[in-house]
Amino acid sequence: MFAYYLHLALRSLRRNWIMTALMVLAIGLGIGASMTMLTVLHVMGGHPLPGRSAHLYRPHIDPLPADMKADGDWDPSDNFTWPDAMALLQAHKAPHQAAMSGGRVLVHPPAAGARPFFVNGRYATADFFAMFGVPFVAGHAWSAAADEHCARVVVLDEALARRVFGGIDVVGQSLRLGEHAFRVIGVTAHWQPQPLFYADASASAFGRGDRFFLPLATAHELQLDVAGNISTWVEGKSDLGGASTSWLQLWVELDTPAQVAAYRQFLHDYSAQQKALGRFERPPSSARLYSLAQWLDHENLVPGDVRLQAWLAFGFLLVCLVNIMALLLAKFLRRSGEVSVRRALGARRRDVFVQFGVESAAVGVAGGALGLAVAQLGLWSVRQRPDDYAHLAQMDAGMLLGTFLLAIVASLLAGLLPAWRACHVPPALHLKTL
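Residues numbered from 1 in each chain as written. Predicted model: local features only at pLDDT ≥ 70, side-chain atom pairs only at ≥ 80, totals over all residues. Heavy atoms only, no water.

*Asks:* Now, about the overall build of the chain: what can you tell me, with residues and values included?
*Replies:* Assigned secondary structure in the chain consists of 14 helices and 12 strands. When each of the 434 residues of the chain is scored for burial, the buried share is 48%. For the chain, contacts bridging at least 24 residues in sequence account for 75% of all contacts bridging at least 6. (Helix = DSSP H or I, 4+ residues; strand = E, 2+ residues; numbered from the N terminus. Buried < 20%, exposed > 50% of the residue type's maximum accessible area, 1.4 Å probe, protein only. Contact = heavy atoms within 4.5 Å.)

Structure, rendered in structure tokens:
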């Protein structure tokens, strides 16, 4: 029966090809605009680490003076001081925990005549790799003992290993970073969570991933360059090891609600202790524990203008659907005589309703194909923008399928009222005029 209804739908659409073209154009433009912005929101607001995101938390304490205010959009208390980060790590209140900071070093390739170049990477403690599930293609991460002894070891990402050594079989090789030599102990596979949630707010949230990883204690001891916000609230030069300079990020992994509650209480107690010692001026209630989703919202990683554009796109789709509904209503009511004959020959209202529903769905399929082309054009235009997230504007398989599903559902919704009106036309009234 479906094949028969589809045949009738195609005949009807070909018979009124101008009206069909208008409906397909309307739904195609609406779907294209909506899916363009929905895809951008999808890539910007998705889970950076599927399967792990729900267990990752960002602690927050506030060591700032009571009279110090945030500088614009940046709050210095979003980062940790060295003493606070080390105190929280040494308390071992989480199954996995890691302190980190962005870094920038000058790489000296071992090949004769090769020119040195700068790369960005990460200074971190050993749990970074296990907590975030960083994949390795060769070697392994360093141990907690390497952190304690400030070992001069480095983990490279696959792209940097190939650029410097020409391959990934480089474990045991020596590499000069800045003025110091490091032993390569591991090579990571391509790993680039989007957004880069663990990075400092000054870093590009949708930029390239880290090219190297060094033990945080080693980088601190060697005074390697830090890439990120360094905030101090005392006069004079910033002291990265001092209690009045924030520059570190801290993440913990908590697997159960009980662990989350216990760690939140630990942060409150730590802040209360520091206030009692006279170091913290703000109340312990300023201590927080952000989930990964809450942290992304706190950092406002999805710009407000992108959300506004998405709402405008869906508003445009709604306008298109209203116009399609009007066109379908006019078209179906013009076929009242045909419907009356079918009803007189024994067709049920349900049969007529399904017939027109199939016709609406056929319009949706054609509109979905056009909408996909419009969306691809829209995403291409997004990729030409200078925004750091622009290169991510690509449709995956789920979004491709979603384009057609949205088009079909939208066309069916637009056809509900016209189909219902058409199948309730009194047959006797129209049969008299035939």
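On we go.
*Asks:* I'd like a rundown of the environment of G166, residues and numbers included.
*Replies:* Checked against the element boundaries, G166 lands in the loop between α6 (158–165) and β7 (174–177). C-alpha of G166 to C-alpha of A111: the two residues are 55 residues apart in sequence and 10.0 Å apart in space.

*Asks:* Which residues make up the pattern of salt bridges, and what values go with them?
*Replies:* When charged atoms on two side chains of opposite charge get close, those side chains can pair. In this structure the tally under the stated criterion is six salt bridges. The shortest N-O distance in the salt bridge between D157 and R211 comes to 3.5 Å. Of the two residues, D157 sits in strand β6 (residues 153–157) while R211 sits in the loop between β8 (180–188) and β9 (212–215), which places them 54 residues apart along the sequence. In terms of burial, D157 and R211 fall into one category: buried. Between R162 and E158 there is a salt bridge; the shortest N-O distance is 3.1 Å. With R162 and E158 both in helix α6 and four residues apart, the pair spans about one turn of that helix. (Salt bridge = Lys/Arg side-chain N within 4 Å of Asp/Glu carboxyl O.)

*Asks:* Break down the packing of aromatic side chains for me, citing the residues and quoting the values.
*Replies:* Tallied over the full model, the rule gives 20 aromatic pairs. Measuring from centroid to centroid gives 5.5 Å for F128 and F213, while their planes differ by 45 degrees, and the two rings are tilted. A residue pair is termed long-range when its members are at least 10 positions apart, and F128 in helix α4 (residues 127–132) and F213 in strand β9 qualify at 85 residues. With respect to burial, F128 and F213 carry one shared label: buried. (Phe/Tyr/Trp six-rings, centres within 6.5 Å; stacked < 30°, edge-to-face > 60°.)

*Asks:* Give me the nonpolar core: which residues, what numbers.
*Replies:* F212 and Y263 are the most contacted members of the largest nonpolar core, which has 46 residues in total. In contact with F212, other than residues within four places in its own chain, are G103, R104, V105, V119, N120, G121, R122, Y123, V154, V155, L156 and L160. With 29 residues, the next largest nonpolar core counts L13, M23, I27 and M395 among its residues. (Core = buried A, V, L, I, M, F, W, Y, C linked by side-chain atoms within 4.5 Å.)

*Asks:* Provide a residue-level description of the packing of helix α3 (residues 82–91) against helix α8 (residues 257–276), including the pertinent values.
*Replies:* At their nearest, the axes of α3 and α8 sit 12 Å apart, and the two run at 135 degrees to each other. Here α3 lies oblique to α8, going by the angle between them. For α3 against α8, the interelement crossing comes out right-handed. Residues P83, D84, A87, L88 and A91 of α3 form the contact with α8, whose participating residues are Y263, F266, L267 and Y270. When its residues are assigned to classes, the contact of α3 with α8 shows eight nonpolar, no polar and one charged. (Axes fitted to C-alpha atoms, helices over the stretch in contact; angles between N-to-C directions. Parallel < 35°, antiparallel > 145°, perpendicular 65-115°, else oblique. Left-handed = near helix turned anticlockwise from the far one by under 90°. Nonpolar A, V, L, I, M, F, W, Y, C, P; charged D, E, K, R; others polar.)

*Asks:* Mind laying out the environment of S12, listing which residues take part and the relevant values?
*Replies:* Position of S12 among the secondary structure elements: in helix α1 (residues 2–15). When its relative accessible area of 0% is taken as the criterion, S12 is described as buried. Separated by 347 residues in sequence, S12 and E359 place their C-alpha atoms 8.1 Å apart.

*Asks:* So what about unusual backbone geometry? Which residues, and what values?
*Replies:* For C150, which is not glycine, the phi dihedral falls at a positive 50 degrees. Mapped onto the elements of the fold, C150 is located in the loop between α5 (144–148) and β6. In this structure, Q223 is a non-glycine residue whose phi angle is positive, near 55 degrees. Tracing the sequence through the fold places Q223 in the loop between α7 (216–222) and β10 (231–232). Assessed through its relative accessible area of 68%, Q223 is described here as exposed.

This is a description of form; function is not addressed.
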